[in-house]
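# Descriptive structure summary
Residue-level listing of the chains:
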Number of protein chains: 2
Amino acid sequence: MVDGGKPRPMKGIRQLAEHLDISIGTVSRALNGKPDVNEETRKRVLAAAEQLGYVANQSGRSLRQGTTNVIGLMIQSSRETVENSDNFFLTVTGGLQSVFSRHNLDLIMLPCPHDEDPYEYLKRMVARRIVDALILSETQRVDKRFDLLAKAKIPFAALGRSLSGTQHPWADLDFDSVANSAVDRLVAHGHRRIAISVPTSDINLGFVFAEGYRRALQRHGIPYDPALVIRAQSSEQGGYQVADELLRLEDRPTAVILIYELMAIGLYRRVMEAGIIPGRDIAVVGFREAPRAKFLQPALTCFRTSLHDLGVELAEILLSVMPAYSHFYPDTNRQATWPLELVPGESDAFYLPSAK
Amino acid sequence: MVDGGKPRPMKGIRQLAEHLDISIGTVSRALNGKPDVNEETRKRVLAAAEQLGYVANQSGRSLRQGTTNVIGLMIQSSRETVENSDNFFLTVTGGLQSVFSRHNLDLIMLPCPHDEDPYEYLKRMVARRIVDALILSETQRVDKRFDLLAKAKIPFAALGRSLSGTQHPWADLDFDSVANSAVDRLVAHGHRRIAISVPTSDINLGFVFAEGYRRALQRHGIPYDPALVIRAQSSEQGGYQVADELLRLEDRPTAVILIYELMAIGLYRRVMEAGIIPGRDIAVVGFREAPRAKFLQPALTCFRTSLHDLGVELAEILLSVMPAYSHFYPDTNRQATWPLELVPGESDAFYLPSAK
DNA sequence: ACGCGCTCCGTAAACGTTTACGATACTAGG
DNA sequence: CCTAGTATCGTAAACGTTTACGGAGCGCGT
């Protein structure tokens, strides 16, 4: 052995260059797949890099080419989110990464602290240029963050819709038609007094959900009663409160649609305390996680989808608005409502006598 | 108005300097609170920076001073994690951030893709120098990642213990004494044949949990039966499978300890299918989330803790091993087992006839 | 022999900061 | 008036990359 074959800690591309006895520029070109470099030397460079464990310093690279190869997913982890979001984000993240990794992009999650204004937090992250592009989640009905990103000219997409940021790219669960189908199904079972739960925050999905519900009622000629739209946290506790509200109503609904399946746990509990059996005395339809719903007693009728695939779609949408990658995804539809599939359970299986 | 008061997009500290008509070095010193700068000019600089919306480019800063002011929390989001971890991470993250933000450190989450080896992923992240320090989670019993970090001389702490990385700093839930207390309580109720669920993966908490269980049995003179230690996913599905296993045993246990409270949903379901009523025919004790457990029917006896405060503790532990911050937390205990508190429910309230 | 094009490689500038160092002005003490 | 000391500021180097540019070597056609 001639000299140090032992991989001592890499300092930078310079060390690698003088170890190979070629210029630093050539090494860089070799590593980055640039055309004008001999295939023979490229192999040597790659081998040496692998052996010495060299990985390009991100700060240097970012500084030079103004790009970080990192995509940020901002999550607010608001109180409500912490209660309800489950592994929603982790699952979507899996889908996102499966696409990003093909382009050597890394995904990081940016959790906005509870006590910081999301807008300010985002502004800070944008200014620090720590990411090349951003994915926003938990979109509000009006959400100033879109204007911020548009003004900063940072590519972005959203996990969820918003009225702000005209025509911004997004992918979102089809809350609208879920509410629609749920009403349809319940009406077909003879129900006409149907309650619905919506989130307490101004998150846009609540509005979309409620609009789908309202539209379905109208289609069936059922009058809209605001008292049946119940705001509650998307948690077991929230489900308990929903049931509480329902029991308090004089003309008690015979069915209820929950925006989050775990709410059913609290709701079941509360109505049973009142001697009411879910699936027999009251119909319940939930949303979003079929495997979980199956284990409730009675099994919750629910809507299922692949959040992973939603992540894939969203990743492609984002890349299609990033100049450096848009040629890979030229004809992408920039706004995707993600379908869900009904999974029948026993929680709404009974028919009201009034139905024929 | 003299000239452009309108904040046009900031290019860098240079623009800011010539706008103020002072040197770039002084601006930098002013912004960073260095001593040798006139208080008067510092005020002017800060005001101008605020007005023009200048924020230091992170790449430039990182390149120069070799520090990023970012802490990474690596999460693996393995299949099992996605099923079970819930908002565990988001809640702990809140605690972490409440400490980090005091030091102007940002926390990002690094989700390792399912199809990538965690070790390789971590190596990549370390080499790219995207973070100053790292927090590992979902620690395996033997976990090579600790050696990697030690070798790379990157400050780190772990959310969870491991046998690797001798004396590495960590904070962890006290799985040991939870299992202990659960057994104590069940034995006091007259149970002697007590099953326990552990994770399917090699995550260390499963071993710790099982050890506490085993130790408690020994203390009570109850023989250890390996058939009663049931490996299952920490999910509703897993709970269902646990119940399945229990029902298949010839000498059926009268009590079961679950490592994750949502497993109770599946377990309840399965045993009720067999005509067995939880809380009457079989005692169930769960773990980790009291507010959720309360809404199960019967309410699950459970152990509660503040994951937020666990995050706070972990953050302080990490900072205490970071040279730049260690003087803030000089006498921190570097290894913290986090206590949990029993929340009695109805799922284990009954006493076996054999108990006096 | 000459010019041209091609392949491959080295040189050096540039990215935006921070910071060591030196320069300047001013104050105080003699 | 001179000097030392202090407060404040400007200058320039350095961090590790990427990349525009030019140069060397070579083959080939005229």
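Parameters and conventions
- Residues numbered from 1 in each chain as written.
- Chains lettered and ligands numbered in written order.
- Predicted model: local features only at pLDDT ≥ 70, side-chain atom pairs only at ≥ 80, totals over all residues.
- Heavy atoms only, no water.
- Helix = DSSP H or I, 4+ residues; strand = E, 2+ residues; numbered from the N terminus.
- Buried < 20%, exposed > 50% of the residue type's maximum accessible area, 1.4 Å probe, protein only.
- Contact = heavy atoms within 4.5 Å.
- Areas by Shrake-Rupley, 256 points an atom, 1.4 Å probe, with all protein chains shown as cover.
- Lys, Arg positive; Asp, Glu negative; His and termini not counted.
- Charge placed at Lys NZ, Arg CZ, Asp CG, Glu CD.
- Buried area = accessible area lost by both parts, 1.4 Å probe.
- Salt bridge = Lys/Arg side-chain N within 4 Å of Asp/Glu carboxyl O.
- Nonpolar A, V, L, I, M, F, W, Y, C, P; charged D, E, K, R; others polar.
- Domains from an automatic or database assignment.
- Polar contact = N/O pair within 3.5 Å; in protein donor to acceptor, adjacent residues only side chain to side chain.
- Near = heavy atom within 4 Å.
- Least-squares fit on C-alpha atoms with pLDDT ≥ 70 in both.
- Pairing = 2+ DSSP bridges.
- Axes fitted to C-alpha atoms, helices over the stretch in contact; angles between N-to-C directions.

## A few points about the overall build of chain A
Tallying secondary structure elements over chain A gives 14 helices and 12 strands in all. Taken across its 356 residues, chain A has 57% of its residues classed as buried. Summarising the internal contacts of chain A: among those between residues at least 6 apart in sequence, 68% fall at separations of at least 24. As displayed, chain A offers around 15,700 Å² of accessible surface, 52% of which is attributable to carbon and sulfur atoms. Charged side chains of chain A number 41 positive and 42 negative; the gap between the two group centres comes to 4 Å.

## Digging into the interface of chain B and chain A
With 57 residues of chain B at the interface, the matching set in chain A holds 57 residues. Summing both sides of the interface, chain B and chain A together bury roughly 4,600 Å²; the carbon and sulfur share of this comes to 58%. Summed over the three residues of chain B that lose the most area to chain A, namely Arg128, Arg269 and Phe295 of chain B, the buried surface amounts to 18% of that side. Summed over the shared surface of chain B and chain A, the number is 8 salt bridges. Between Arg269 of chain B and Glu346 of chain A there is a salt bridge, with the nearest N and O atoms lying 3.4 Å from each other. Secondary-structure elements contributing two or more residues to the side of chain B that touches chain A are α4 (58–65), β1 (70–75), α5 (79–84), α6 (88–100), β2 (106–111), α7 (118–128), α11 (236–248) and α12 (263–273) of chain B. Here the side of chain B that touches chain A gets 6 residues from one element, more than from any other, and that element is β2 of chain B. A class-by-class count of the residues in the side of chain B that touches chain A yields 26 nonpolar, 20 polar and 11 charged.

## Re the domain arrangement of chain A
All names here are of chain A. Domain boundaries in chain A define domain 1 (13–56), domain 2 (70–168 + 307–338) and domain 3 (175–305). Distance from the C-alpha centre of domain 2 to the C-alpha centre of domain 3: 29 Å. With 14 residues of domain 2 at the interface, the matching set in domain 3 holds 20 residues. Taken together, both faces of the contact between domain 2 and domain 3 bury some 1,400 Å²; the carbon and sulfur share is 42%. Taken together, domain 2 and domain 3 are joined by 1 salt bridge. Here Arg141 ties to Glu211 by a salt bridge, and the two come within 2.9 Å at their closest N and O atoms. Put simply, domain 2 and domain 3 have 6 residue pairs in polar contact (both at pLDDT 80 or more) between them. Counting residues per element, the side of domain 2 that touches domain 3 draws most heavily on helix α5 (residues 79–84), at 3 residues. Of the residues assigned to the side of domain 2 that touches domain 3, the class counts are 3 nonpolar, 5 polar and 6 charged.

## Some points on the protein's contact with DNA strand C
Close to DNA strand C lie 28 residues; Thr26 of chain A together with Ile13, Ser28, Lys34 and Arg64 of chain B are nearest. Sugar plus phosphate, as a fraction of atoms of DNA strand C within 4 Å of the protein: 59%. A distance of 2.5 Å separates a phosphate oxygen of DNA strand C from a polar backbone atom of Ile13 of chain B. Taking Gly60 of chain B, its main chain carries an N or O atom lying 3.2 Å from a base nitrogen of DNA strand C. Secondary structure elements with two or more residues in the surface near DNA strand C: α2 (24–31) and α4 (58–65) of chain A together with α1 (13–20), α2 (24–31) and α4 of chain B. Looking at the surface near DNA strand C residue by residue, the class counts come to 7 nonpolar, 12 polar and 9 charged.

## A look at the side chain of Ser162 of chain B
All names here are of chain B. With respect to the helices and strands, the residue Ser162 is situated in the loop between β4 (156–159) and β5 (170–173). Only 3.1 Å separates the side chain of Ser162 from the backbone oxygen of Arg141, close enough to count as a polar contact. For Ser162, the residues in contact, after removing those within four places along its chain, are Thr139, Gln140, Arg141, Val142, Asp143, Phe146, His168 and Asn204.

## Points about the relation of the copies chain B and chain A
The operation linking the two copies of the chain is a rotation about an axis combined with a translation along the axis. Under the fitted operation, chain B is carried onto chain A by 0.0 Å of movement along the axis and a turn of 180°, and the coordinates agree to an RMSD of 0.1 Å. Accordingly, the operation relating the two chain copies is best matched by a two-fold axis. A shared interface surface links the copies, since 100% of the contact residues of chain B are contact residues in chain A too.

## Brief notes about the pattern of salt bridges
Residue and element names in this part refer to chain B. Counting across every chain of the model gives 44 salt bridges over all chains. For Asp176, the salt bridge identified is with Arg215, shortest N-O distance 2.3 Å. With Asp176 in helix α9 (residues 175–188) and Arg215 in helix α10 (residues 204–219), the pair connects residues that are 39 residues apart, well separated along the chain. For Arg215, a relative accessible area of 41% corresponds to the partly exposed category. The shortest N-O distance in the salt bridge between Asp348 and Arg185 comes to 2.7 Å. One end of the pair, Asp348, is in the segment after β12 (341–343); the other, Arg185, is in helix α9, and 163 residues separate them in sequence.

## Digging into the environment of Asp348 of chain B
Residue and element names in this part refer to chain B. Residue class for Asp348 comes out buried when judged on its relative accessible area of 0%. With 307 residues separating them along the chain, Asp348 and Thr41 place their C-alpha atoms 69 Å apart. Polar contacts involving the side chain of Asp348 include one to the side chain of Thr301, which spans 2.5 Å.

## Brief notes about the sheet that holds strand β7 (residues 229–231) of chain B
All names here are of chain B. With parallel pairing, the 4 strands of this open sheet are ordered in space as β7-β6-β8-β9. Two strands close off the open sheet at either side, each with one partner strand: β7 and β9 (283–285). On average, adjacent strands in this sheet sit at an angle of 20° to one another, irrespective of strand direction. Judged from the 3 bridges that link them, strand β8 (residues 255–257) and β9 form a sheet pairing that is parallel. Residue Ile257 lies in a different strand from β9, and its bridge partner there is Val285. Docked against the sheet, α10 engages β6 (194–198), β7 and β8, running at close to 170° with respect to β6. Each of β6, β7 and β8 touches α11; the most contacted strand, β7, lies at about 140° to it.

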